[in-house]
Amino acid sequence: MAAAPPTPAPPRILLAGDAHGRLHQLFKRVKSVNQSTGPFHALLCVGQFFSPEGDAEGAPGDVTDYLEGRAAVPIPTYFTGDYGPAAPRLLSKAAAAARGFAPGGIEICPNLFWLRGSNRFTLHGLSVVYLSGKKGPGGPGCYSQDDVDALRALAEEPGIVDLFLTNEWPTGVVNGADTSNVPNQVLDPLGCDPVVAELAAEIKPRYHIAGTKGVFYSREPYVNDSAAHVTRFIGLANVGNKEKQKFIHAISPTPASTMSSADIHAKPPNTTLSPYAAPAKSVPIEEAPKRPADNTDAQYWRYDVKRQRQGEAEGARLCFKFTSSGSCPRGSKCHYRHDEEAVEHYQRNVCFDFLNKGKCERGPECKFAHSLSGETSVRDARPHSERRRVESRCWFCLSSPDVESHLVVSIGEAYYCALAKGPLVPDHVLMIPVEHCPSTLMMPSEAEVELGRYKNALFKYFEKQGKAAVFFEWVSQNSRHANLQVVPVPFPKSDAVNKIFHLAAKRLGFEFSVVNPDGGAKGARESLRSQSESKSSLFYVELPEGKILLHMIDSNEKFPAQFGREVLAGLLSMADRADWRNCKLSKEEESQMVDDFKQGFREFDPAE
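Here the structure is a predicted model, which means the values were calculated and not measured.

Asks: Please clarify how the overall build of the protein chain should be interpreted in this entry.
Replies: Each helix and strand in the protein chain was counted, giving 18 helices and 23 strands. Here the protein chain holds 608 residues, and the buried ones make up 53% of them. Sequence-distant contacts in the protein chain: of pairs separated by 6 or more residues, those separated by 24 or more amount to 69%. When the accessible surface of the protein chain is summed, it comes to about 27300 Å², and 51% of that surface belongs to carbon and sulfur atoms.

Asks: I keep staring at helix α17 (residues 563-571) and nothing clicks. Help me out?
Replies: For an α-helix, 3.6 residues make a turn, and residues three or four places apart therefore share a direction. Along α17, seven of the nine residues are buried, which leaves the element largely enclosed by surrounding structure. Taken together, the buried residues of α17 touch β19 (467-475), β20 (484-490), α14 (491-494), α15 (497-508) and β22 (537-542).

Asks: In this structure, what is going on with the packing of helix α13 (residues 445-464) against helix α18 (residues 587-601)? I would like to understand it.
Replies: To characterise two packed helices, one gives the angle between the axes of the helices and the distance between these axes. One can describe the packing of α13 onto α18 by two numbers: an axis separation of 10 Å at closest approach and a directional angle of 95 degrees. Compared by their axis directions, α13 and α18 come out roughly perpendicular. Seen from α13, the contacting residues are Ala457, Leu458 and Tyr461; seen from α18, they are Phe597, Gly600 and Phe601. Across the contact of α13 with α18, the residue classes break down as five nonpolar, one polar and no charged.

Asks: Can you walk me through the sheet that holds strand β21 (residues 513-514) in this structure?
Replies: Pairing in this open sheet of eight strands is antiparallel, and the strands run β16-β17-β18-β20-β19-β22-β23-β21 from one edge to the other. Looking at the sheet topology across the chains shown, the edges are occupied by β16 (408-411) and β21. The sheet contact formed by β19 and β20 spans six bridges and is antiparallel. Pairing of Ala469 across the sheet is with Pro488, part of β20. Against the sheet, α13 contacts β16, β17 (415-419), β18 (429-433), β19, β20 and β22, and its axis sits at roughly 140 degrees relative to β19.

Asks: Looking at this structure, how should I read the sheet that holds strand β4 (residues 106-109)?
Replies: Hydrogen bonds between backbone atoms are what pair the strands of a sheet, whose relative direction is either parallel or antiparallel. Read across the open sheet, the six strands follow the order β4-β5-β3-β2-β1-β15; overall the sheet is mixed. Edge positions in the open sheet fall to β4 and β15 (248-251), since each of these has one partner strand only. With direction set aside, neighbouring strand axes in the sheet form an average angle of 25 degrees. Bridge count for strand β1 (residues 13-16) against β15 is four bridges, and the pairing is antiparallel. Among the inter-strand pairings, Ala16 is bridged to a residue of β15, identified as Ile248. Against the sheet, helix α1 (residues 23-37) touches β1, β2 (42-48), β3 (77-81) and β15, its axis set at about 150 degrees to β2.

Asks: Help me understand the nonpolar core, please; the structure alone is not making it clear to me.
Replies: In a soluble, globular protein the nonpolar side chains are often hidden away together inside. Core analysis: the biggest nonpolar cluster contains 47 residues, and Tyr416, Val429, Met431, Leu458, Val486, Tyr540 and Phe597 have the highest contact counts within it. Of the residues forming this core, the biggest block, seven residues, is contributed by α13. Ignoring sequence-local partners within four residues, the contact set of Phe597 consists of Val409, Leu419, Asp427, Val429, Leu458 and Tyr461. Listed in part, the 32 residues of the second largest apolar core include Ala16, Leu23, Phe49 and Ile248.

Asks: Is there a simple way to explain α15 in this structure?
Replies: For α15, which comprises twelve residues, the first-to-last C-alpha distance of 17 Å matches the rise-based estimate of 16 Å (1.5 Å per residue) to within 8%. The set of residues buried in α15 consists of Val497, Phe501, Ala504 and Ala505. Buried residues of α15, viewed axially, fall in a sector of 100 degrees; they line one side. Facing away from the buried side of α15 by over 90 degrees, the exposed positions are Lys499, Lys506 and Arg507. Each element contacted by the buried residues of α15 is listed here: β19, β20, α14, β22, β23 (548-553) and α17. Immediately downstream of α15, the backbone of Gly509 shows phi near 85 degrees, a positive value.

Asks: Looking at this model, I keep getting lost on the packing of α15 against α17. Mind explaining?
Replies: At a closest axis distance of 10 Å, the pairing of α15 and α17 adopts a crossing angle of 125 degrees. In terms of orientation, α15 lies oblique with respect to α17. Judged by the twist between their axes, the crossing of α15 over α17 is right-handed. From α15, Val497, Ile500, Phe501, Ala504, Ala505 and Leu508 reach across to α17, where they touch Phe563, Gly564, Val567, Leu568, Gly570 and Leu571. Per-class residue counts for the contact of α15 with α17 are ten nonpolar, two polar and no charged.

Asks: Honestly, the confidence of the model for the protein chain in this entry has me stumped. Any pointers?
Replies: Note that predicted coordinates carrying low pLDDT should not be read in detail. Overall, the predicted model of the protein chain reaches an average pLDDT of 81, with 81% of residues at or above 70. Ranking the elements of the protein chain by mean pLDDT puts helix α8 (residues 298-306) last, at 39, and strand β11 (residues 207-210) first, at 98. Considering only residues more than four positions removed or in separate chains, one finds that residues 55-60, a stretch of pLDDT under 50, has 14 contacts. Segment residues 279-315: pLDDT under 50, and 112 contacts once partners within four positions in sequence are set aside and those in other chains are kept.

Asks: Quick question: what am I supposed to make of unusual backbone geometry here?
Replies: One can expect most non-glycine residues to show negative phi and most peptide bonds to be in trans. Following Gly38, the chain continues into Pro39 via a peptide bond in cis, with omega recorded as 5 degrees. Mapped onto the elements of the fold, Pro39 is located in the loop between α1 and β2. Positive phi outside glycine occurs at His20, with the angle close to 55 degrees. Topologically, His20 is positioned in the loop between β1 and α1. Phi angles above zero are rare outside glycine, and Lys204 is one such case at about 55 degrees. Checked against the element boundaries, Lys204 lands in the loop between α6 (194-203) and β11. Owing to a relative accessible area of 18%, Lys204 belongs among the buried residues under this scheme.

Asks: Got a minute to help me understand the side chain of Gln48 in this structure?
Replies: Turning to its location among the elements, Gln48 is positioned in strand β2. In this structure the side chain of Gln48 is engaged in a polar contact, spanning 3.4 Å, whose partner is the backbone oxygen of Phe50. Each residue touching Gln48, except ones within four places of it in the same chain, is listed here: Asp18, Ala19, His20, Gly81, Tyr83 and Gly84.

Asks: For this particular structure, what's the right way to read the environment of Leu528?
Replies: Turning to its location among the elements, Leu528 is positioned in helix α16 (residues 524-531). Those residues in contact with Leu528 that lie beyond four places of it in its chain are Leu441, Val515, Tyr540, Ile548 and Leu550.

The rules we used
- Residues numbered from 1 in each chain as written.
- Predicted model: local features only at pLDDT ≥ 70, side-chain atom pairs only at ≥ 80, totals over all residues.
- Heavy atoms only, no water.
- Helix = DSSP H or I, 4+ residues; strand = E, 2+ residues; numbered from the N terminus.
- Buried < 20%, exposed > 50% of the residue type's maximum accessible area, 1.4 Å probe, protein only.
- Contact = heavy atoms within 4.5 Å.
- Areas by Shrake-Rupley, 256 points an atom, 1.4 Å probe, with all protein chains shown as cover.
- Axes fitted to C-alpha atoms, helices over the stretch in contact; angles between N-to-C directions.
- Parallel < 35°, antiparallel > 145°, perpendicular 65-115°, else oblique.
- Nonpolar A, V, L, I, M, F, W, Y, C, P; charged D, E, K, R; others polar.
- Pairing = 2+ DSSP bridges.
- Core = buried A, V, L, I, M, F, W, Y, C linked by side-chain atoms within 4.5 Å.
- Expected span 1.5 Å × (residues − 1).
- Arc of directions from axis to C-beta.
- Left-handed = near helix turned anticlockwise from the far one by under 90°.
- pLDDT = per-residue confidence, 0-100.
- Polar contact = N/O pair within 3.5 Å; in protein donor to acceptor, adjacent residues only side chain to side chain.

Put into C-alpha cells, the structure is as follows:
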C-alpha cells in the first residue's frame, strides 16, 4: 500500500510594523532573519509604509531606490500603509498602470506589492484580508466606506480568515487582557479605530496584525462569537525605533482550510473572552446573494453589497430582496421584514412602495398596482420565475453572470454608472437602474432623486473638462433593462446639439415635441414621465441647455436603435464610431479607461 504523501509544511511569514520609509533598514533586517532562520515566503507590512515627513527626497529616497531599480526587495513584500506626504507621488505611476482591482496587490516594483483599498486574497494557502489606509476625511491614504462595506459583506462569506491586516489597532483590543506588564502605549487610545474593532469582531480572523502605535504587543488569544477558533492580535513597533521595540515578527500558521476540526477548536490555557461587544453594524446592509470573493471576480461582490448600503429603521421596512424573490441570503440576520404575504402581492405587480409605506408618491403616474385586491397592472405580467430567468441573462443586472462588472464606475442605491461598451468617446457613460426595469421613466420617485444627483455630478465633471453633457434614452416595447446614455460634447459644439437632432428627425420624417419649452430643468422629467406610457416606445434627449426633446414612436415605425449615438457621432465628426461594435476595446483597455474616469470623477461622485 502506497504511503500517504507528506503534509506540506505551513508557510513562513514575516510581519513588520510602520516602515516610515526606512526600507534599507527594514530589508537589511529581513535578509539577516531570512539567512539565519529562513527561508520565509513573504513579508507583510502594516502601519505607515512611507515617510511621515518631508518630500519624496531624503528618507523616502530609500523607497525610490527600490522603485527605480537601484536596490532589490529580498522577498515578496505586501504593504497596506499607503499614506504620507510622499505616498501619492510614489504610487501614482503604479495606480495608473494597474489593471482591474488587483486583490493580491499592485506590483510597484519587483517583489513589492501595494494592497490598495480592501479585499481578500490567498497567499501560500492562507486566506488574507486587508484594510488599507487609515481613518480620515477621505482621499489618498484613507479607507472609504465602500472599503468597509466590502469587508462587512466578506465577513458573511464561508470559510475562516487566517490573517487580517490593518494599519491602526482596534479600539478596545486590551479589554479582558492581562495589562499588568504592558507599556503605557498599549493602553493609550491614540492610534485605535472603532471601525477596525467592528470589522475584527465580524471577520473573526485567526491573526489580526496592526501597526501605528509604535509598540510591540502580542495579546492573549480570545474567543469569537459564533466561531470555533480563537484570534491572536499582534501589534508591531516602527522600523528602527529608538526604544528597541520589536518591529519584525515571524509566524508560521497552518492554513485553516487544511486544519483538522480538533486543531481549529483548540483553545490555549490563557484564552480570554472577546474584547469586543457583540458587533452592532453601524449601517444595516440588505444585499443580494454574494458570489465568492475570488481573484477573478473581486469587483463583483463589492458592487453587489454597496448598492443598498444605506437603510432605514430596522424591522420597520420590508426587505426588497425577500419581497421580490421570496428569499433573502441574510435570513434571520436581515434587518428588514420578511413578509410572505407581501411576496404574493409583489408577484401580482403591486407597487413595492405601496406595500412598504402604505403609499406611493407617484400616485396615478406609477405603473404598478396600488391595491391588494389582485388587480393587475401594466408591469411585466410574466410569471415571477420567468422574470428571474430573464434577469439572470441580462447584460445590465448586477446579479447576472453576463454583467461587465469591470466597466462599473460608481454605484448608489437605485442606480449605478458604467462606461459604455464600445464607447463613442472615452467618457461615454451609461446610467443604469439596479433593479431590472425597462425604462428610467418607470423608476420610483426616490430613484429619480438619486438620478438627479448623478446627473449633476456628471455635469460638473464634464464642465471641468470644458464639455457639456447630453443625455438620451431609447425605450422600445422590447426593452429589457433601461440605460440612460450620457455623452460629453465640447462647449464649442454644444450649441449645435439642438439643431442637429432636429435635422436628423426631419430626415427620418418626424418632428420632436419639446417637453419644457422654457428649458427649465425643474419638473422636466416629471412632465416627461407623465407623457409616456408603459407600453409606448419612445426616444428623448436632454440638451445641454436643459430642454428635453421627445418622440413617441408609432408601433409600425422603424426607428434606428442607435439614433442618439449616430446623431452625436455626426456632430463630433466621428461617423466611423456610430456603431458600438466598431469601437470594441480589450478588457485591459476598458479597465484602464475605467481607472482614468474614476480618478477624475471621484471628487464629484455622489456615492463616495
